[in-house]
There are 2 protein chains.
Amino acid sequence: MDTPVIILVSPQMGENIGAAARVMSNFGLHYLRIITPRDGWPNPKAIDMAAHGAFVLEQAKIYEYLEAGLADIQYLVATSSNMRELSKTVTNVRTGIQWASNKMSSGNRTAIMFGCERSGLSNEQLVLADAIMTIQTSPRNPSLNLAQAVAVVSYEWSQTADAPMTDDVDHRYDLSPQASKDELLQLSSHLESELERAGFFQVAEKKARMMRNINNTMIKAGLSTQEARTLHGMINALKRK
Amino acid sequence: MDTPVIILVSPQMGENIGAAARVMSNFGLHYLRIITPRDGWPNPKAIDMAAHGAFVLEQAKIYEYLEAGLADIQYLVATSSNMRELSKTVTNVRTGIQWASNKMSSGNRTAIMFGCERSGLSNEQLVLADAIMTIQTSPRNPSLNLAQAVAVVSYEWSQTADAPMTDDVDHRYDLSPQASKDELLQLSSHLESELERAGFFQVAEKKARMMRNINNTMIKAGLSTQEARTLHGMINALKRK
């Protein structure tokens, strides 16, 4: 098993099950277990909402009891908003998913469990979890849609697993290579001489400072060779007039 | 402005607008702008789906043109899955949101922009962004529902707000506030009209593409209000000659 199992406990609306399946597949999760879906199974509304994630629904396993759906699971994280009276490790999603990922890496069959739309997971259900994670929400509107909760968790999983933050970089899709410093200096002198001839530098003492600022603007732009060429052309066009 | 503005560009389904508003409010975001919603406004389906997040819809601002919806924005992050031919800073959501948060902290009005369900943001729209962030998805089902994309971004925002990761920062010592999109668009039209008069656009069909590249260069530079003013002056000086 390469990815955690998502377990929906007594979900009510087919639309939410479908949307959950869709977003699971968006983020590379594909094992879904559903405990006693209210409207039976299969559910056409779920299939509609799943769109290209319908394959997750086709492979989903349906159980009559939570205990059966959990039988082979070795590490279980539950999502819950309110903690009630339960002595249990509670963390945020990022850390909870990191724990799940670590447990999986060391060979444990791992699952993440979500309660029903109306009331979430009961104390009896939460008790089965190794850890509880809460998705922190605003007091003004704390209630997260089920599929949106699955979205957040699946997204966090994708961050842990295949995209370990290596993309944190300043990628640029450059069609043309970045201009060399020499090209930039040539552009700068071209601009300077035309501005000089145009009488742009009215106060001689300020010229050096102005050119420094202008150069800074060009550097900030990270101009490509092609862009530098275009700027030369623009300067020439404007001066021809 | 304490939280970023969410901008939905030409959203199609009211359900998605409503679900986006709901999840925004779940994660403490409440400024929504909608550009040309396909089915008009207000939209009863949006209100239904928003549930307790309906207050976000009530306060939402509707615009006929993207340029109007962006006018006062100083730092704009666009979400996009495919990069096409555009030279632009691209990063993942976590970093993109971190940048947005930093820009907000230093006083810039900041927005995050989402395209329509069918086709996302066009190159003409993407060009207006200071940075692009991609939500990495699985090749098996890459297409994320609009409201789910808003969920992931809003969730990441909530993570930044209470747990600011201070590394990874786009440090810039801004002496002058960053130019608003409106200031940039005015600069762009000024330049365009002068280039037009100077006969710079020799092949009419290429003009749109050239202007897009020129705008992209300006946006990449992260111009300050002062720099934009200097560029106006430079254009005027060159044309006077």
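Just so we're clear, the structure is a prediction, and the values are computed from it rather than from any experiment.

K.L.:
Could you give an account of the packing of aromatic side chains, with specific residues and numbers?
P.N.:
Here a ring pair, both rings aromatic, is described through the centre-centre distance and the interplanar angle of the planes. If you walk through the whole model with that rule in mind, you get five aromatic pairs over all chains. Taking the centre distance of 5.8 Å and the plane angle of 70 degrees together, the rings of A:F27 and A:Y155 count as edge-to-face. Of this pair, A:F27 sits in the loop between α1 (14–26) and β2 (31–35) while A:Y155 sits in helix α7 (residues 146–160), and the two are 128 residues apart along the sequence. By relative accessible area, A:F27 is classed as buried at 3%. The class for A:Y155 is buried, based on a relative accessible area of 2%. Grouped by ring-pair contacts, the aromatic residues A:F27, A:Y155, B:F27 and B:Y155 constitute a single cluster. The ring of A:F201 carries A:K207 above its face, with NZ or CZ at 5.4 Å from the centroid. B:R140 extends its terminal NZ or CZ atom over the ring of A:F55, reaching a point 3.6 Å from the ring centre.

K.L.:
Give me the packing of helix α5 (residues 93–105) of chain A against α7(A): which residues, what numbers.
P.N.:
Residues and elements named next belong to chain A. At their nearest, the axes of α5 and α7 sit 9 Å apart, and the two run at 55 degrees to each other. One finds that α5 runs oblique with respect to α7. Every pair of crossing elements has a handedness; the one defined by α5 and α7 is right-handed. For the pair α5 and α7, contact is made by V93, R94, I97, Q98, S101 and M104 and by V152, V153, E156, W157 and T160, respectively. Residue classes in the contact of α5 with α7 are distributed as six nonpolar, three polar and two charged.

What counts and what doesn't
- Residues numbered from 1 in each chain as written.
- Chains lettered and ligands numbered in written order.
- Predicted model: local features only at pLDDT ≥ 70, side-chain atom pairs only at ≥ 80, totals over all residues.
- Heavy atoms only, no water.
- Phe/Tyr/Trp six-rings, centres within 6.5 Å; stacked < 30°, edge-to-face > 60°.
- Helix = DSSP H or I, 4+ residues; strand = E, 2+ residues; numbered from the N terminus.
- Buried < 20%, exposed > 50% of the residue type's maximum accessible area, 1.4 Å probe, protein only.
- Lys NZ or Arg CZ within 6 Å of the ring centre and 35° of its normal.
- Axes fitted to C-alpha atoms, helices over the stretch in contact; angles between N-to-C directions.
- Parallel < 35°, antiparallel > 145°, perpendicular 65-115°, else oblique.
- Left-handed = near helix turned anticlockwise from the far one by under 90°.
- Contact = heavy atoms within 4.5 Å.
- Nonpolar A, V, L, I, M, F, W, Y, C, P; charged D, E, K, R; others polar.

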